[in-house]
Amino acid sequence: MVPLKRRKVPSSASSDSSPDVACKFPQVVLFLLERKMGSSRRTFLTDLCRKKGFRVNETFSESVTHVISEKNKGDDVRRWLRSQGHDLTIAHLVDIGWLTDSLRAGHPVDILEGHKLHTTDYTQSTHKLTSSGGEVTTRSIPAYACQRRTTLSNRNTIFTDALLLLAENAELSGDDGRGLAFRRGAAVLKALPEAVTDMRRLRGCPCLGEHSLRVIQDILETGVSREVESTKQSERYQAMKVLTGIFGVGLKTADQWFRDGIQNIHQLRHSGRTLNRAQQAGLAHYDDLMQPITKAEADVIANIVEEAVQAELPGSQVTLVGGFRRGNPSGHDVDFLITHPQEGREEGVIAKVVSRLEAQDFLLYQKTTRNSYMKSNDGPARPASSMDHFERCLCIFRLTTGEQHEPKACTQAPGEDSEGRASKRAVRVDLVVSPFSQVAFALLGWTGSKLFERELRRWATREKNMSLSSHALYDNKQGRYLKAATEEEIFAHLSLDYIPPSDRNT
Ligand code: UTP
Ligand code: MN
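Residues numbered from 1 in each chain as written. Chains lettered and ligands numbered in written order. Predicted model: local features only at pLDDT ≥ 70, side-chain atom pairs only at ≥ 80, totals over all residues. Heavy atoms only, no water.

This part is about the coordination of the manganese ion (ligand 2). Distances from the manganese ion (ligand 2) to its protein donors, namely Asp333 (OD) and Asp335 (OD), fall within the range 2.0 to 2.1 Å. Residues Asp333 and Asp335 agree in their burial class; the two are buried. (Donors = N, O, S within 2.8 Å, 3.2 Å for Na, K, Ca; no water. Buried < 20%, exposed > 50% of the residue type's maximum accessible area, 1.4 Å probe, protein only.)

Laid out in structure tokens, this is it:
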């Protein structure tokens, strides 16, 4: 490979490192594009930036983190810089708006969608030559997970497992913000089509903060992250993971138990604690509920649910949602969305279906909650939230799997698989009922993944000034609800490319 020859951008200033005041943000290096901006405005802005403590380079180099242009289109900027011998996929391409916002704020602000120069297909990788002659593939990745396609194939599990464990640990400590930051970082790695082998590949990637980068670097250098290893060993992490893993047990309860010295299932069973009905069921079926549910088992449940719903309300539509709709081969529960094309007919259907399933002896536990959603004409009664208000039944099914499988106890290692040995097992099932007019929103909201949903709502709020829930989409600018009969229409309202369920595995 021939080393890339860099032609210098003509400049009058000779030095890149003679700011008027001390540089306050050493990790940020700006480059202002003269094209369309003009040389006098460029000089003026350069001086202003330096006065405010920003570092500005006169020439483009690998150390540049932000390329700032004015009145340019993304593709034009890229073409122009490439024509100058530069490949700039390692830096952020931002509009002058980002600079003025940053100058006003007195520090480099987060790059919002409106700050970015668009029009690149991020899946198109470009090849860039490094100074050492090695080839590094880089690409620009949109910042929101709902702008990206994420399939089940993940080339970076070694890194994403580590980051997700830290996310889980943060959440178990009540720090959801930090948890979310790790989850967003992991999501970016999941979206990369190749395994990361070099830190340089991550330059310019969104959502990877200092902490996440340190974890990745640790793994690249030593094979493991010390922080992850010590978290795994931590008593609190282990206990909280087991206790919150029990159906019906939330963070607060688990934390209280842990502080009372309860660290595992055995200790809980012998603690004499009063458990509520859900927790009793969770504890009774603990081992079964820890076993992942296969797609084949989900299909068996789907037939049972479909039969019961059609018997009680003919013409209903029953859709498998959650992870199985995204093509997951296994899951921790089975989620169904039920609706009826005649609005109003769906009311009360859950109670009938549950009675029927109970009479058929399919239910080991169930808790039904009524629909509590009230749509107001003035706008959402509360801000878009992840909580929704459908009529819903959380249940534990008794699934009979024995008939389909030949017993193979003699060849089977203990605990390897319950197939063949146990003919019955407990399985978590979630039934949700939506009025037909809301079903597209319910479908989108209940398909997940959880992070994908969070990112959709964040996008709606921050970039579109809209409120998205599993019931509706409200446009705050127009002061009205936006109707949608399909998921595609919701993506269109949000100015997002449609992402099919199989690509929402973020
Ligand atoms: P799940 O928790 O069932 O996750 O939520 P999953 O993606 O199916 O993965 P498994 O079950 O662990 O295999 C499914 C979807 O339902 C939404 C979640 O946001 C997720 O998108 N959901 C779940 C709600 O909207 N509200 C809830 O109370 C629970
Ligand atoms: Mn699920």
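Text resumes after the structure shown.
With the rule as written, the count across this model stands at 29 salt bridges. Taking the shortest distance from any N to any O, the salt bridge between Arg273 and Asp260 comes out at 3.0 Å. With Arg273 in the loop between helix 10 (265-269) and helix 11 (277-284) and Asp260 in the loop between helix 9 (251-259) and helix 10, the pair connects residues that are 13 residues apart, well separated along the chain. Residue classification places Asp260 among the partly exposed positions, given a relative accessible area of 38%. The salt bridge partner of Glu312 is Arg356, with a shortest N-O separation of 3.3 Å. Residue Glu312 is found in helix 13 (residues 295-312), and its partner Arg356 is found in helix 15 (residues 349-359); the two are separated by 44 residues along the sequence. Glu312 sits in the partly exposed class, given a relative accessible area of 24%. Several salt bridges converge on common partners, so that one network encompasses Glu34, Arg42, Arg50 and Glu58. (Salt bridge = Lys/Arg side-chain N within 4 Å of Asp/Glu carboxyl O. Helix = DSSP H or I, 4+ residues; strand = E, 2+ residues; numbered from the N terminus.)

Let us look at the sheet that holds strand 11 (residues 363-369). Strand order in this open sheet of five strands is 8-10-13-12-11, and the pairing throughout is mixed. Strands with a single pairing partner mark the edges of an open sheet, and in this sheet they are strand 8 (317-321) and strand 11. For this sheet the average axis-to-axis angle between neighbouring strands, irrespective of direction, equals 25°. Across ten bridges, the pairing between strand 12 (residues 391-400) and strand 13 (residues 424-433) is antiparallel. Counterpart to Ile396 in the pairing with strand 13 is Arg428. Sitting on the sheet, helix 11 touches strand 11 and strand 12, and the angle it makes with strand 11 is about 150°. (Pairing = 2+ DSSP bridges. Axes fitted to C-alpha atoms, helices over the stretch in contact; angles between N-to-C directions. Contact = heavy atoms within 4.5 Å.)

Relative to each other, helix 4 (residues 157-172) and helix 6 (residues 210-222) sit at 135°, their axes nearing to 10 Å. When the axes of helix 4 and helix 6 are compared, the pair comes out oblique. As for how helix 4 packs across helix 6, the hand of that crossing is right-handed. Contacts from Ile158, Phe159, Ala162, Leu163 and Leu166 of helix 4 reach helix 6 at Ser212, Val215, Ile216, Ile219 and Leu220. For the contact of helix 4 with helix 6, the per-class residue count stands at nine nonpolar, one polar and no charged. (Parallel < 35°, antiparallel > 145°, perpendicular 65-115°, else oblique. Left-handed = near helix turned anticlockwise from the far one by under 90°. Nonpolar A, V, L, I, M, F, W, Y, C, P; charged D, E, K, R; others polar.)

This part takes up the site of ligand 1. Near ligand 1, the surroundings consist of 14 residues, among which Gly323, His332, Asp333, Arg392 and Gly448 are the closest. Arg326 places a polar side-chain atom, nitrogen or oxygen, 2.9 Å from an oxygen atom of ligand 1. Note that an oxygen atom of ligand 1 is positioned 3.1 Å from one of the side-chain N or O atoms of Asp335. If you list the elements that add at least two residues to the shell around ligand 1, you get helix 14 (322-325), helix 16 (439-447) and helix 17 (450-464). Partitioning the shell around ligand 1 into residue classes produces one nonpolar, six polar and seven charged. (Near = heavy atom within 4 Å. Polar contact = N/O pair within 3.5 Å; in protein donor to acceptor, adjacent residues only side chain to side chain.)

All right, on to the environment of Asn476 then. Within the element layout of this structure, Asn476 appears in the loop between strand 15 (473-475) and strand 16 (480-482). Residues Asn476 and Asn465 lie eleven residues apart in sequence; the distance between their C-alpha atoms is 5.8 Å. Setting aside chain neighbours within four positions, we find Asn476 in contact with Asn465, Met466 and Ser467. Reaching out from Asn476, the side chain makes a polar contact with the backbone oxygen of Asn465 at a distance of 3.1 Å.

Predicted confidence across the protein gives a mean pLDDT of 87, with 84% of residues reaching 70 or more. Of the regions scoring below 50 in pLDDT, residues 382-386 engages in six contacts with residues more than four places distant in sequence or in other chains. Within the model, pLDDT remains below 50 along residues 404-418, and this stretch shows 15 contacts once partners closer than five positions in the same chain are excluded. (pLDDT = per-residue confidence, 0-100.)

Let us look at the side chain of Gln366. Position of Gln366 among the secondary structure elements: in strand 11. When its relative accessible area of 18% is taken as the criterion, Gln366 is described as buried. Among the polar contacts listed, one links the side chain of Gln366 to the side chain of Thr368, at a separation of 2.8 Å. In this structure, Gln366 is in contact with Arg277, Val354, Glu358, Cys393, Leu394 and Cys395, ignoring residues within four places of it in sequence.

Of the pairings in the sheet, the one linking strand 11 to strand 12 comprises six bridges and is antiparallel in character. Its bridge partner lying in strand 12, Gln366 is registered against Cys395.

For helix 17, built from 15 residues, the straight-helix expectation of 21 Å at 1.5 Å per residue is met to within 8% by its first-to-last C-alpha distance of 20 Å. Buried within helix 17 we find Leu451, Phe452, Glu453, Glu455, Leu456, Arg457, Arg458, Trp459 and Ala460. The inward-facing, buried residues of helix 17 contact helix 5 (176-191), helix 16, strand 14 (466-468) and helix 18 (487-493). In the stretch just after helix 17, Asn465 is the one whose phi turns positive, near 55°. (Expected span 1.5 Å × (residues − 1).)

Let's shift gears to helix 5. Taking 1.5 Å per residue, 16 residues should reach 22 Å; helix 5 reaches 22 Å between its end C-alpha atoms and fits that length. Where helix 5 is concerned, the buried positions are Gly179, Leu180, Phe182, Arg184, Gly185, Ala186, Ala187, Val188, Leu189 and Ala191. Packed against the buried residues of helix 5 are helix 4, helix 6 and helix 17.

Next up on the list: the packing of aromatic side chains. The relative placement of two aromatic rings is captured by the distance of their centres and the angle of their planes. Under the criterion given, the structure shown has eight aromatic pairs. Judged by centre distance (5.7 Å) and plane angle (75°), the ring pair of Phe31 and Phe60 falls under edge-to-face. With Phe31 in strand 1 (residues 29-32) and Phe60 in the loop between strand 2 (55-57) and strand 3 (66-69), this pair connects stretches of sequence that are 29 residues apart. There is no split in this pair, since Phe31 and Phe60 are both buried. Look at Phe247 and Tyr365: their rings are 5.3 Å apart centre to centre, the planes differ by 80°, and that puts the pair in the edge-to-face class. Taken together, the positions of Phe247 in the loop between helix 8 (235-244) and helix 9 and Tyr365 in strand 11 put the pair 118 residues apart, joining distant regions of the chain. Of the residues examined, Phe247 reaches a relative accessible area of 8% and is grouped as buried. Under the relative-accessibility criterion, Tyr365 is labelled buried at 6%. A connected cluster of aromatic rings, assembled from ring pairs, spans Phe452, Phe491 and Tyr498. (Phe/Tyr/Trp six-rings, centres within 6.5 Å; stacked < 30°, edge-to-face > 60°.)

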